[in-house]
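Spelled out, the chains give:
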Amino acid sequence: MNVSRTAAAAAAVTVVLWASAFVSIRSAGDAYSPGALALGRLLAGSLTLGVLCLVRREGWPPRAAWRGIAISGVLWFGVYMVVLNWGEQEVDAGTAALIVNIGPILIALLGSRLLGDAMPPRLLAGMAVSFAGAVTVGLSMSGGGGSSVLGVALCLLAAVAYASGVVAQKPALGQAGALQVTTFGCLIGAVVCLPFAGQLFHQAADAPLSATLNMVYLGVFPTALAFTTWAYALARTTASRMGATTYAVPALVVLMAWMVLGEVPGLLTLAGGVLCLAGVAVARSRPRARAERAGVATDPQPEQVP
């Protein structure tokens, strides 16, 4: 399997696991407060990643990578997880999904400004189609009168923190491996959430086993595994293109909620999901003529992964 296919497979693992997180958060969120849930998830993720680092004998990241790791750890692993959990308690799921999905657009804008990412017409068109799909899914899932100014503000802050963390992480992946960047970013996020340790301790004593298992699942799979596969793929493409890939998440959430929770989606929701997937396909495609001229050169060169 060549580099581009491996990166695409890693991105696919990420979006599937991140979509599954929404189903688990519904269960765990009933027993754990936003900060406690974020801390428990990050502790489980840090433990899993730490074991993997020991098995692979990963060392400390180079000094040049620490700035990006620290920023992404604080903003994406720490702030994003807490404020998103909190925001979803203040607004309905559809509104939260609608607001947070401005994140990929912010990634594209920041990536173009700070990282020099190209903004080809296919990427812009694909993101436009996917965002229209996300809007459709969000509106179809929104409940009447369920939003608050605080909830909207929190979801907006989550989108900004997510986009900023991704853009900060990208340069770090040029200096350190995906597992290193993910592990230490997760650890920094856990440190940021330590003020919620008391809540986690008390709530864990009363929480049902299913909620605690869902919290552990969130840490092991959507955090430890999915953030590592994300970093692997991000190291091999642009932040803008990876951000566009996450528009597949709303469509997968609709499908998983249908299969696991028995929540039958309406026609409008299904149409929005199809638009999300179609937009991702357009955003990640390359003009055929250019690909044929460039041949293997269209695949980015692999970065060294220890």
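It is at 9 Å that the axes of helix H5 (residues 103–115) and helix H7 (residues 149–172) come closest, and there the two elements cross at 40°. With respect to H7, the element H5 is oriented oblique. Taken as a pair, H5 and H7 cross one another with a handedness that is right-handed. Residues Gly103, Pro104, Leu106, Ile107, Leu110, Gly111, Leu114 and Leu115 of H5 pack against Ala159, Val160, Tyr162, Ala163, Ser164, Val166, Val167, Lys170 and Pro171 of H7. For the contact of H5 with H7, the residue count by class is 13 nonpolar, three polar and one charged.

Let us now look at the packing of helix H2 (residues 34–56) against helix H8 (residues 178–192). In a packed pair of helices, the relevant descriptors are the angle between the two axes and the axis-to-axis distance. Between H2 and H8, the shortest axis-to-axis distance is 9 Å and the interhelical angle comes to 145°. H2 and H8 meet at a crossing whose hand is left-handed. On the side of H2, the interface is formed by Leu39, Leu42, Leu43, Gly45, Ser46, Leu49, Gly50, Leu52, Cys53 and Arg56, while H8 contributes Leu179, Thr182, Thr183, Cys186, Leu187, Gly189 and Ala190. Here the residues of the contact of H2 with H8 are counted per class, giving 10 nonpolar, six polar and one charged.

The next point concerns the state of the cysteines. Tallied over the full model, the rule gives zero disulfides. For cysteine 193, which is in no disulfide, the shortest distance to another cysteine sulfur is to cysteine 186 and amounts to 9.5 Å.

Once that is clear, we can look at the pattern of salt bridges. Scanning the entire structure with this criterion turns up one salt bridge. In this structure, arginine 56 engages glutamate 58 in a salt bridge whose closest nitrogen and oxygen atoms are separated by 3.5 Å. Residue classification places arginine 56 among the partly exposed residues on the basis of a relative accessible area of 46%.

Of note, asparagine 85 is situated in helix H3 (residues 66–90). At a separation of 3.0 Å, a polar atom in the side chain of asparagine 85 contacts the main-chain carbonyl oxygen of methionine 81.

Taking 1.5 Å of rise per residue, 26 residues should cover 38 Å, and helix H10 (residues 209–234) covers 35 Å from first to last C-alpha, within 8% of that figure. The sharpest bend along H10 comes to roughly 30°, located at alanine 226.

To continue, consider the nonpolar core. A general tendency of soluble globular proteins is for nonpolar side chains to be buried together. With 69 residues, the main nonpolar core has Tyr32, Trp76, Tyr80, Val166 and Trp230 as its most contacted residues. Among the elements that make up this core, the one with the highest residue count is helix H1 (residues 3–28) (11 residues). Not counting residues up to four positions away in its chain, the partners in contact with tryptophan 76 are Trp18, Ile71, Met81, Ala161, Tyr162, Gly165, Val166, Gln169, Phe227 and Trp230. Residues Ala134, Cys276, Val280 and Ala283 belong to the second largest nonpolar core, which totals 11 residues.

For the structure shown, the criterion picks out 13 aromatic pairs. With a centroid separation of 6.1 Å and 50° between ring planes, the pair formed by tryptophan 76 and phenylalanine 77 is classed as tilted. Assessed through its relative accessible area of 1%, tryptophan 76 is described here as buried. Aromatic pair tryptophan 76 and phenylalanine 227: ring centres 4.8 Å apart, planes at 55°, arrangement tilted. With tryptophan 76 in helix H3 and phenylalanine 227 in helix H10, the pair connects residues that are 151 residues apart, well separated along the chain. Every member of this aromatic cluster is reached through a ring pair, and the members are Trp18, Trp76, Phe77, Tyr80, Tyr162, Phe227 and Trp230. In this arrangement the basic side chain of arginine 236 is found over the ring face of tyrosine 232, its NZ or CZ atom lying 3.7 Å from the centre.

What follows covers unusual backbone geometry. At arginine 57, a residue that is not glycine, the phi angle is positive and equals roughly 55°. Mapped onto the fold, arginine 57 is located in the loop between H2 and H3.

So, about the confidence of the model for the chain. Residue-level pLDDT values for the chain average 84, and 86% of them are 70 or greater. The lowest-confidence element of the chain is helix H14 (residues 288–294), averaging 48 in pLDDT; the highest-confidence one is H8, averaging 97. With pLDDT under 50 throughout, residues 289–306 is counted as low confidence; its partners more than four residues away or in other chains account for 18 contacts.

Another aspect to go through is a nonpolar patch on the surface. The grouping of Leu255, Trp258, Met259, Val260, Leu267 and Leu270 at the surface amounts to a nonpolar patch, some 650 Å² of accessible area in total. Counting residues per element, the ones that place at least two in the nonpolar patch are helix H12 (248–260) and helix H13 (267–284). A total of four residues in the nonpolar patch trace back to one element, the largest contributor, which is H12. Within the element layout of this structure, leucine 267 appears in helix H13.

What counts and how
- Residues numbered from 1 in each chain as written.
- Predicted model: local features only at pLDDT ≥ 70, side-chain atom pairs only at ≥ 80, totals over all residues.
- Heavy atoms only, no water.
- Axes fitted to C-alpha atoms, helices over the stretch in contact; angles between N-to-C directions.
- Helix = DSSP H or I, 4+ residues; strand = E, 2+ residues; numbered from the N terminus.
- Parallel < 35°, antiparallel > 145°, perpendicular 65-115°, else oblique.
- Left-handed = near helix turned anticlockwise from the far one by under 90°.
- Contact = heavy atoms within 4.5 Å.
- Nonpolar A, V, L, I, M, F, W, Y, C, P; charged D, E, K, R; others polar.
- Disulfide = S-S within 2.5 Å.
- Salt bridge = Lys/Arg side-chain N within 4 Å of Asp/Glu carboxyl O.
- Buried < 20%, exposed > 50% of the residue type's maximum accessible area, 1.4 Å probe, protein only.
- Polar contact = N/O pair within 3.5 Å; in protein donor to acceptor, adjacent residues only side chain to side chain.
- Expected span 1.5 Å × (residues − 1).
- Bend = angle between axes of the 7 residues up to and from the residue.
- Core = buried A, V, L, I, M, F, W, Y, C linked by side-chain atoms within 4.5 Å.
- Phe/Tyr/Trp six-rings, centres within 6.5 Å; stacked < 30°, edge-to-face > 60°.
- Lys NZ or Arg CZ within 6 Å of the ring centre and 35° of its normal.
- pLDDT = per-residue confidence, 0-100.
- Patch = residues over 30% accessible without salt bridge, like charges linked within 9 Å, V, L, I, M, F, W, Y side chains within 5 Å.
- Areas by Shrake-Rupley, 256 points an atom, 1.4 Å probe, with all protein chains shown as cover.

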